[in-house]
Amino acid sequence: YMNSITYKVYAGDILKEMHSKNLYPKIDKKILILLDSYSYPLSTFLCNIFEDVYTIDLRYDKNALCKKIQNIQPDMVFALYSQYAMDYPELFDVR
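Heads up: these notes are all about the structure in this document. Predicted model only: the values in this text are computed from it and were never measured.

**A few points about the overall build of the protein chain**
Now for step 1: For the protein chain, the count of helices and strands is three helices and four strands.
Now for step 2: When its helices and strands are written in sequence order, the protein chain yields α-β-β-α-β-α-β.
Now for step 3: A separation of at least 24 residues holds for 64% of the contacts in the protein chain among residues at least 6 apart in sequence.
Now for step 4: Total accessible area on the protein chain is roughly 6,600 Å²; 55% of this is exposed by carbon and sulfur atoms.

**Considering the pattern of salt bridges**
A side chain with one charge may pair with a side chain of the opposite charge, provided their charged atoms come close.
Now for step 1: Scanning the entire structure with this criterion turns up four salt bridges.
Now for step 2: One salt bridge in this structure joins lysine 21 and glutamate 51, with 3.3 Å as the shortest N-O distance. Of this pair, lysine 21 sits in strand 1 (residues 17–21) while glutamate 51 sits in strand 3 (residues 50–57), and the two are 30 residues apart along the sequence.
Now for step 3: A residue is classified by how much of its surface remains accessible, and glutamate 51, at 23% relative accessible area, is partly exposed.
Now for step 4: The residue aspartate 52 makes a salt bridge to lysine 21 at a minimum N-O spacing of 3.2 Å.

**Structural notes on the sheet that holds strand 4 (residues 76–80)**
Now for step 1: Taken in spatial order, the four strands of this open sheet run 1-3-2-4, and their pairing is mixed. Strands with a single pairing partner mark the edges of an open sheet, and in this sheet they are strand 1 and strand 4. Sheet twist, expressed as the average angle between the axes of neighbouring strands with direction ignored, equals 15 degrees.
Now for step 2: Alignment of strand 2 (residues 27–35) against strand 3, held across seven bridges, turns out to be parallel. When the sheet's bridge partners are listed, isoleucine 33 is paired in strand 3 with threonine 55.
Now for step 3: The sheet strands contacting helix 3 (residues 65–72) are strand 1, strand 2 and strand 3, and the helix crosses strand 2 at an angle near 170 degrees.

**Quick notes on unusual backbone geometry**
Now for step 1: Even without being a glycine, glutamine 73 presents a positive backbone phi close to 50 degrees.
Now for step 2: In this fold, glutamine 73 is placed in the loop between helix 3 and strand 4.

**Examining the nonpolar core**
Now for step 1: Residues Leu32, Leu34, Tyr54, Ile56, Leu58, Leu65, Ile72, Tyr81, Ala85 and Leu91 constitute the largest nonpolar core, which totals ten residues.
Now for step 2: Elements that contribute at least two residues to this core include exactly strand 2, strand 3 and helix 3.
Now for step 3: Ile33, Leu35, Tyr40 and Val53 belong to the second-largest nonpolar core, a separate cluster that totals eight residues.

**So, the side chain of lysine 68**
Now for step 1: With respect to the secondary-structure elements, lysine 68 resides in helix 3.
Now for step 2: Using a relative accessible area of 17% as the deciding quantity, one classes lysine 68 as buried.
Now for step 3: Those residues within four positions of lysine 68 in sequence are excluded, and the remaining contacts are Glu17, Ile56, Asp61 and Asn63.

The rules behind each value
- Residues numbered from 1 in each chain as written.
- Predicted model: local features only at pLDDT ≥ 70, side-chain atom pairs only at ≥ 80, totals over all residues.
- Heavy atoms only, no water.
- Helix = DSSP H or I, 4+ residues; strand = E, 2+ residues; numbered from the N terminus.
- Contact = heavy atoms within 4.5 Å.
- Areas by Shrake-Rupley, 256 points an atom, 1.4 Å probe, with all protein chains shown as cover.
- Salt bridge = Lys/Arg side-chain N within 4 Å of Asp/Glu carboxyl O.
- Buried < 20%, exposed > 50% of the residue type's maximum accessible area, 1.4 Å probe, protein only.
- Pairing = 2+ DSSP bridges.
- Axes fitted to C-alpha atoms, helices over the stretch in contact; angles between N-to-C directions.
- Core = buried A, V, L, I, M, F, W, Y, C linked by side-chain atoms within 4.5 Å.

Given below as structure tokens:
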């Protein structure tokens, strides 16, 4: 693991999208997290709290984002990015 990406080792892989279902949630809500690898560790902890956690990494897939949000119908949407993502404004152009 010494030559691997730390986040990849922690989360299992770099994923475009992920859905985690908690059968015994503390909070009965569905959340969507728009993220980069900086937020992978946090998203795994949120899976322990919320009933459904969806993640989308916009670096790999911005296609039909509005449609995906309509299909998921999240109660909350979080955008969690490292400060370096602000250097790439095209990342957030999801028209």
